Amino acid sequence: EKYKYVIVEIGLNDVSPSESAATAMLRYQKLIDTINAVNPTAKILVAKMIPCKQRLINVLGATNGAISYQKWLDMNYAIMNTVTGVDYRISRHCDLLNDGNGNLKAIYDCGDGIHENNAARKIIAAEFRKALNVLGLLTCTYTNTK
């Protein structure tokens, strides 16, 4: 009840091919609804999941990896478009970290195709900082990344 904002960044652990994106997003929406019920004045910021297509294929195989990647796409779409009760949606970091094929760019990868390095974390942090500034919750400058 005391927080002024909550950043919700979830998803990569929920891209299992064994359930639909709709089922995963029902849990996500319930989380957002719960935050709003507990603290209706808190600003809620949501963010897309980072790119990880090849990692999904490497771990789950070609078929299940492709299913999980489609779920990743569907969940990111929902985070940006259909989830309700949020005040700001963060997506630019996903575009900046993407190699154009749905993977984490090698220059931002710790080596496993899913965990970002410090350079990537700076990009993500800059986008979060920008969002907090826009909402009037943080009044410091941020580095605008290309």
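Residues numbered from 1 in each chain as written. Predicted model: local features only at pLDDT ≥ 70, side-chain atom pairs only at ≥ 80, totals over all residues. Heavy atoms only, no water.

Student: Kindly report on the pairing of strand E1 (residues 5-8), identifying the contributing residues and their values.
Tutor: Both E1 and strand E2 (residues 43-47) contribute to a ladder of four bridges, which runs parallel. For tyrosine 5, the partnering residue across the bridge sits in E2 and is lysine 43. In the classification by handedness, the crossover that spans E1, the intervening helix H1 (residues 21-38) and the parallel E2 is right-handed. (Pairing = 2+ DSSP bridges. Helix = DSSP H or I, 4+ residues; strand = E, 2+ residues; numbered from the N terminus. Right-handed = clockwise from strand over helix to strand, strands pointing away.)

Student: Tell me about the pattern of salt bridges, and name the residues and values.
Tutor: Taken as a whole, this structure holds five salt bridges when the rule is applied. Between arginine 92 and glutamate 127 there is a salt bridge; the shortest N-O distance is 3.0 Å. Of this pair, arginine 92 sits in helix H3 (residues 92-97) while glutamate 127 sits in helix H4 (residues 118-134), and the two are 35 residues apart along the sequence. (Salt bridge = Lys/Arg side-chain N within 4 Å of Asp/Glu carboxyl O.)

Student: Tell me what's going on with the nonpolar core, and back it up with residues and numbers.
Tutor: Note on soluble globular proteins: their nonpolar side chains tend to be buried together. One finds Tyr28, Ile32 and Val46 to be the most contacted residues of the largest nonpolar core, which totals 23 residues. Those elements that provide at least two residues to this core are H1, E2 and helix H2 (53-81). If we ignore the near neighbours within four places in the chain, the residues touching isoleucine 32 are Val8, Ile44, Val46, Val83, Thr84, Gly85 and Val86. Judged by nonpolar contacts, the second largest core, of 15 residues, contains Tyr88, Ile90, Ile124 and Phe128. (Core = buried A, V, L, I, M, F, W, Y, C linked by side-chain atoms within 4.5 Å. Buried < 20%, exposed > 50% of the residue type's maximum accessible area, 1.4 Å probe, protein only. Contact = heavy atoms within 4.5 Å.)

Student: Which residues make up H4, and what are the values?
Tutor: With 17 residues, H4 should cover 24 Å at 1.5 Å per step; its first-to-last C-alpha distance of 24 Å lies within 8% of that length. Of the residues making up H4, those classed as buried are Ala120, Ile123, Ile124, Ala126, Glu127, Phe128, Ala131 and Leu132. The inward-facing, buried residues of H4 abut E1, E2, strand E3 (88-90) and H3. The opening residue of H4 is asparagine 117, an N-cap whose side-chain oxygen sits 3.1 Å from the backbone nitrogen of alanine 119. Glycine 136 lies just past H4 and shows a positive phi near 75°. (Expected span 1.5 Å × (residues − 1). Polar contact = N/O pair within 3.5 Å; in protein donor to acceptor, adjacent residues only side chain to side chain.)

Student: Could you give an account of the environment of arginine 92, with specific residues and numbers?
Tutor: Using a relative accessible area of 28% as the deciding quantity, one classes arginine 92 as partly exposed. A C-alpha to C-alpha distance of 14 Å links arginine 92 and asparagine 81, two positions eleven residues apart in sequence. Side-chain polar atoms of arginine 92 contact the side chain of glutamate 127, separated by 3.0 Å.

Student: Give me the lowdown on the sheet that holds E3, citing residues and values where you can.
Tutor: Pairing in this open sheet of three strands is parallel, and the strands run E1-E2-E3 from one edge to the other. The open sheet terminates on both sides in strands that have one partner only, identified here as E1 and E3. Strand-to-strand twist of the sheet, defined as the mean angle between neighbouring strand axes without regard to direction, takes the value 20°. By the bridge criterion, three bridges tie E2 to E3 in an arrangement that is parallel. The partner of alanine 47 across the bridge, within E3, is isoleucine 90. Packed on one face of the sheet, H2 meets E2 and E3 and runs near 150° to E3. Sitting on the sheet, H4 is in contact with E1, E2 and E3, with an inclination near 165° to E3. (Axes fitted to C-alpha atoms, helices over the stretch in contact; angles between N-to-C directions.)

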